[in-house]
Amino acid sequence: MSTAKKSAPMRSALGRVRHLGSAKEGVQHWWAQRLTALALVPLTLWFVASIAWLAGADHAGFTGWVARPHNALLMILLLGAGFHHAQLGLQVVIEDYVHGEGAKLAALIVVKFAALLLALAGIFAVLKIAFGA
Amino acid sequence: MAKTARPLSPHISIYSWKFTMLLSILHRATGIALAAGTLLLVYWLSAAASGAAAFADAQGLIGSWFGLLVLFGFSYALFFHLCNGIRHLFWDAGYGFDLGTAWASALATVFVSAALTVIAWLAGISFMGGL
């Protein structure tokens, strides 16, 4: 037993010998949530301004607006970043409040599948309008 | 894991309520509300994609008093989550942690998000009259 311990390593001796350690993905969820948040700041402002601008527009007016390339692109970005951000956030809420392992897993699966389905449905609708089907 | 009756650290119920705590839980609540609200966005886009009749139905639903109420709530939740989210991003970068700043930015979040909501609705109403 050494008396002068300068720093007690948290990693096991075997782990150090094998160079095992962090897979460098510990902050992946946190980082993805911040990146999507950052993207959503301008996208949200653009979205709300657009909705206000489109208030009272008829079908032709609305689809004509969506079909313009930059609007279609920004709407797809909004849907992608928005649903990714939403499912990351809901995941944390579920992990915090749903304690039963089975219920937690079920809720996570539902949220992740629903977010992907809704994002794709929204993007599909935008593309359908944009390509004039 | 075996459940043992170990002493627990103090939980939420033991602290007195603070304004900043209210914003913290509202950030989560508005986040959940916005996630639910995205259903409306996807419905709206899908209705527009499927044709004029479906779009008219969607517009009728959103334009009803209940639809407008939901939309108003959605818009405030969106602005609140946006403003408070920017506050969180500053914290993530290491700024604004002291009590005075946290309190001031909380107050700013409430007022700026309310002001943005009013501005957005006034803009929407004026464009509606203009179209």
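Look up a bit, the structure's there.
Keep in mind that what you see is a predicted model, and the values were worked out from it rather than measured.

Caption draft 1: The arrangement of the overall build of chain B in detail. Along its length, chain B carries four helices and zero strands. In sequence order, chain B lays out its α and β elements as α-α-α-α. Its C-alpha atoms give chain B a radius of gyration of 20 Å, clearly above 14 Å, the size a compact globule of 131 residues would have. On the principal axes, the C-alpha backbone points of chain B span a range of 60 × 40 × 25 Å. Partitioning the contacts of chain B with sequence separation of at least 6, the portion at a separation of at least 24 is 70%. In the form shown here, chain B has an accessible surface area of approximately 8,300 Å², with 77% of it arising from carbon and sulfur atoms.

Caption draft 2: Spotlight on the pattern of salt bridges. Within the structure shown, the criterion is met by three salt bridges over all chains. Ionic pairing is found between Arg34(A) and Asp92(B), a salt bridge with its closest N-O pair at 2.7 Å. Placement of the pair is Arg34(A) in helix 2 (residues 28-53) and Asp92(B) in helix 3 (residues 65-92), with the two residues belonging to separate chains. Here Asp92(B) falls in the partly exposed class, since its relative accessible area comes to 31%. The salt bridge involving Glu101(A) is made with Lys104(A); its shortest N-O contact spans 3.5 Å. One end of the pair is Glu101(A) and the other is Lys104(A), both in helix 5 (residues 101-130) and three residues apart, which spans about a single turn.

Caption draft 3: Spotlight on the interface of chain B and chain A. The interface of chain B with chain A comprises 31 residues on the first partner and 38 residues on the second. In this assembly, chain B packs against chain A so that about 2,800 Å² is buried in total across both faces, 80% of it on carbon and sulfur atoms. Put simply, chain B and chain A have two salt bridges between them. For the pair chain B and chain A, the interface holds six residue pairs in polar contact (both at pLDDT 80 or more). Secondary structure elements with two or more residues in the side of chain B that touches chain A: helix 1 (19-50), helix 2 (52-63), helix 3 and helix 4 (99-130) of chain B. Ranked by residue count, the leading element in the side of chain B that touches chain A is helix 1 of chain B, at 14 residues.

Caption draft 4: Broad picture of the packing of helix 2 of chain A against helix 4 (residues 69-97) of chain A. Residues and elements named next belong to chain A. Here helix 2 crosses helix 4 at 140°, and the two axes come no closer than 8 Å. Classified by the angle their axes make, helix 2 and helix 4 are oblique. Our pair here, helix 2 against helix 4, has a crossing hand that is left-handed. Residue composition of the contact of helix 2 with helix 4, grouped by class: 13 nonpolar, ten polar and no charged.

Caption draft 5: Focus on the packing of aromatic side chains. Per the counting criterion, the structure on display carries eleven aromatic pairs over all chains. Each ring, one from Phe62(A) and one from Trp44(B), has its centre 4.4 Å from the other, and the planes form 45°; the classification is tilted. Within this pair, whereas Phe62(A) is found in helix 3 (residues 59-67), its partner Trp44(B) is found in helix 1, the two belonging to separate chains. Each member of the pair, Phe62(A) as well as Trp44(B), is classed as buried. Consider the rings of Phe62(A) and Phe55(B), whose centres lie 5.0 Å apart with planes at 15°: the pair is stacked. With Phe62(A) in helix 3 and Phe55(B) in helix 2, this pair bridges two chains.

Caption draft 6: Quick look at the packing of helix 1 of chain B against helix 3 of chain B. Residue and element names in this part refer to chain B. Closest axis-to-axis distance for the helix 1/helix 3 pair is 8 Å, and the angle between their directions is 130°. Between helix 1 and helix 3, the angle falls in the class oblique. Classified by chirality, the crossing of helix 3 by helix 1 is left-handed. Contacts between helix 1 and helix 3 involve Thr20, Leu23, Leu26, His27, Thr30, Gly31, Leu34, Gly37, Thr38 and Leu40 from the former and Val70, Phe74, Ala77, Leu78, Phe80, His81, Asn84, Gly85, Arg87 and His88 from the latter.

Caption draft 7: The nonpolar core, seen in detail. Counting 41 residues, the largest nonpolar core has Phe62(A), Met75(A), Leu79(A) and Leu45(B) as its most contacted members. Where this core is concerned, the elements lending two or more residues are helix 2, helix 3, helix 4 and helix 5 of chain A together with helix 1, helix 2 and helix 3 of chain B. No other element matches helix 1 of chain B, which puts eight residues into this core. The residues contacting Phe62(A), other than those within four sequence positions of it, are Leu54(A), Ala57(A), Trp44(B), Leu45(B), Ala48(B) and Phe55(B).

Caption draft 8: Quick peek at helix 3 of chain B. Along its 28 residues, helix 3 of chain B runs 40 Å from first to last C-alpha, staying within 8% of the 40 Å computed at 1.5 Å per residue. One or two residues past the end of helix 3 of chain B sits Gly94(B), with phi positive at roughly 100°.

Scoring rules and cut-offs
- Residues numbered from 1 in each chain as written.
- Chains lettered and ligands numbered in written order.
- Predicted model: local features only at pLDDT ≥ 70, side-chain atom pairs only at ≥ 80, totals over all residues.
- Heavy atoms only, no water.
- Helix = DSSP H or I, 4+ residues; strand = E, 2+ residues; numbered from the N terminus.
- Rg over C-alpha atoms; globule rule 2.2 N^0.38 Å.
- Contact = heavy atoms within 4.5 Å.
- Areas by Shrake-Rupley, 256 points an atom, 1.4 Å probe, with all protein chains shown as cover.
- Salt bridge = Lys/Arg side-chain N within 4 Å of Asp/Glu carboxyl O.
- Buried < 20%, exposed > 50% of the residue type's maximum accessible area, 1.4 Å probe, protein only.
- Buried area = accessible area lost by both parts, 1.4 Å probe.
- Polar contact = N/O pair within 3.5 Å; in protein donor to acceptor, adjacent residues only side chain to side chain.
- Axes fitted to C-alpha atoms, helices over the stretch in contact; angles between N-to-C directions.
- Parallel < 35°, antiparallel > 145°, perpendicular 65-115°, else oblique.
- Left-handed = near helix turned anticlockwise from the far one by under 90°.
- Nonpolar A, V, L, I, M, F, W, Y, C, P; charged D, E, K, R; others polar.
- Phe/Tyr/Trp six-rings, centres within 6.5 Å; stacked < 30°, edge-to-face > 60°.
- Core = buried A, V, L, I, M, F, W, Y, C linked by side-chain atoms within 4.5 Å.
- Expected span 1.5 Å × (residues − 1).

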